[in-house]
Amino acid sequence: MIKLSSFLTTFNEPETLRMAKLARELRAQGKDVIDLSLGEPDFNTPEHIKNAGIKAINDDWSHYTPVSGYLDLREAVCNKLKIDNQLEYQPENIVVSTGAKQSLANVILSLVDQGDEVIIPTPYWVTYSELVKIARGVVVEVPSSVESNYKITSQQLEQAISSKTKVFLFSSPCNPSGAVYSEQELRAFAEVFKKYPDIYILSDEIYEYINYIGNHFSLAQIPELKDRVIVINGLSKGFAMTGWRLGYIAAPKEIAQACDKIQGQFTSATCSIAQKAAVVALNGSKEQSYEMTKAFKERLHITLDWLKKLPNLKCTVPDGAFYVFPDVSYYFGKTIKGFAIHDSADFSMFILHHAHVSSVMGAAFGAPNCVRFSYANSIENINRAWIRIIDCLNSN
Ligand code: PLP
């Protein structure tokens, strides 16, 4: 047997990917599995961006690029941040990476030392806690629930702060809950952070464009905080470019330089072709991004209509992203079709094996009473999936 490193035992594989793998295995056995587990738009990349990628290949953009990304791309990111977010950055503040996942990894490895505390409101994206563990930091969860609309208060935030707190890490719009913090709520957080000048704020804004209430606000827009906020964003969700692998940070220069150093040893820059396509995406029309968001909103309402038929699933009305995150704890301790449901993992497995619909258990997001269902799927599939789920949960 191969003796693998003990490091591998210090963190988990992403539950989202594990569920997708299980769904693929069932499909290979001939089962008609509907995938509501994965977190990506079902749309294809817009035509003008694809053409920019093809042109980049034909123009021979096939060499290594600067680690932080081509200058024209970093300028396009600065331009986007100025137009969309009224934020002034220079290319030296920008590091482009192989997806926002790598951006997050770079920043966490740049800031977190062994024993440093990272405050993360629950529910959170599965990778946050694992990256903190990889950096040998300590995750401090601040709980929210369906009753609090999956948001924490500034009082909760302050109570979680200790002398060891190094980073506050959150996403808005949030994966998995779809919660969007308002400007007023973020300003209340800012008042707390002003009292603790040594805390860095990692603001994951990757779902910025998939926001049904408009007015995206970033903590980086608060001048007193800007030199401690690291904005994470990328093209995966808003431009339907998950496979292109392009994320970026906007950060104080020293942090950008640290990320460049780490990335220089792990992967160097992300793909040159993806970078050239990203320049066109960021500088071009956002019309198709808005169209996708409109489509997601319609699917959200269809999903919520189905959820109304399951009053025992407690759910919020999400303001962004493309997930619903019901509390399914009513079913814990019940047996349906001979399948005993003890927790959200059992609930997810029951739905997978009996309704052939994949979802992701909430424990992976720090919310053990909940299950995440994506609605980034066709209306036909959403309807088929929820008919099956309702049928299953209503049987004996
Ligand atoms: N941040 C959040 C909240 C996400 O949900 C995801 C992807 O699911 C990412 C970051 C990573 O995105 P990327 O595909 O750019 O690595």
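Here the structure is a predicted model, which is why all the values come from computation and not from measurement.

Trainee: Honestly, the overall build of the chain in this entry has me stumped. Any pointers?
Mentor: When you go through the chain residue by residue, the secondary structure sums to 12 helices and 14 strands. For 396 residues, the compact-globule estimate of 2.2 N^0.38 gives 21 Å, and the chain sits close to it at 21 Å. In terms of overall dimensions, the chain has C-alpha extents of about 60 × 55 × 55 Å along its principal axes. Once local pairs closer than 6 in sequence are excluded, the contacts in the chain between residues at least 24 apart make up 74%.

Trainee: I keep staring at the sheet that holds strand E14 (residues 371-374) and nothing clicks. Help me out?
Mentor: By definition, the strands of a sheet pair up through backbone hydrogen bonds, in either a parallel or an antiparallel sense. Strand order in the open sheet formed by 3 strands is E9-E14-E13, with antiparallel pairing between adjacent strands. At either end of the open sheet lies a strand with only one pairing partner, and these are strand E9 (323-324) and strand E13 (360-361). Examined bridge by bridge, E9 and E14 share 2 bridges and lie antiparallel to one another. Its bridge partner being in E14, Val324 is matched across the sheet by Phe373.

Trainee: I keep staring at the environment of Thr16 and nothing clicks. Help me out?
Mentor: Within the element layout of this structure, Thr16 appears in helix H1 (residues 15-28). Taking the relative accessible area as the measure of exposure, Thr16 reaches 9% and is therefore buried. For the pair Thr16 and Ala364, spaced 348 residues apart in the sequence, the C-alpha separation amounts to 8.3 Å. Apart from residues lying up to four places away in sequence, Thr16 is in contact with Ser37, Leu38, Val126, Val360, Phe365 and Arg372.

Trainee: Would you mind going over the sheet that holds strand E3 (residues 117-121) with me for this structure?
Mentor: Read across the open sheet, the 7 strands follow the order E2-E8-E7-E6-E5-E3-E4; overall the sheet is mixed. Strands with a single pairing partner mark the edges of an open sheet, and in this sheet they are strand E2 (94-97) and strand E4 (138-142). Going from strand to strand, the sheet's axes swing by 20° on average, the running direction of each strand aside. Against the sheet, helix H5 (residues 126-134) engages E3, E4, strand E5 (165-171) and strand E6 (200-204), with an angle of about 175° to E3.

Thresholds, definitions, all that
By convention here, each chain's residues receive numbers from 1 onward along its written sequence. Given that this is a predicted model, residues contribute local features only at a pLDDT of at least 70 and side-chain atom pairs are listed and counted only at 80 or more, while totals for whole chains, interfaces and linings are drawn from all residues. Computation of side-chain values: all heavy atoms of the structure, hydrogens and water removed. Numbering goes from the N terminus for both helices and strands, where a helix is a DSSP run of H or I of at least four residues and a strand is a run of E of at least two. Only C-alpha atoms enter the radius of gyration, while the globule expectation follows 2.2 Å times N to the 0.38, with N the number of residues. In what follows, a contact means two residues having at least one pair of non-hydrogen atoms within 4.5 Å. Two strands qualify as a pair provided that DSSP identifies no fewer than 2 bridges between them. When accessible area is computed with a 1.4 Å probe and restricted to protein chains, residues below 20% of their type maximum are described as buried, those above 50% as exposed, and intermediate ones as partly exposed. The axes used here are C-alpha line fits, helices contributing only the stretch in contact, and every angle between their N-to-C directions lies in the interval 0 to 180 degrees.

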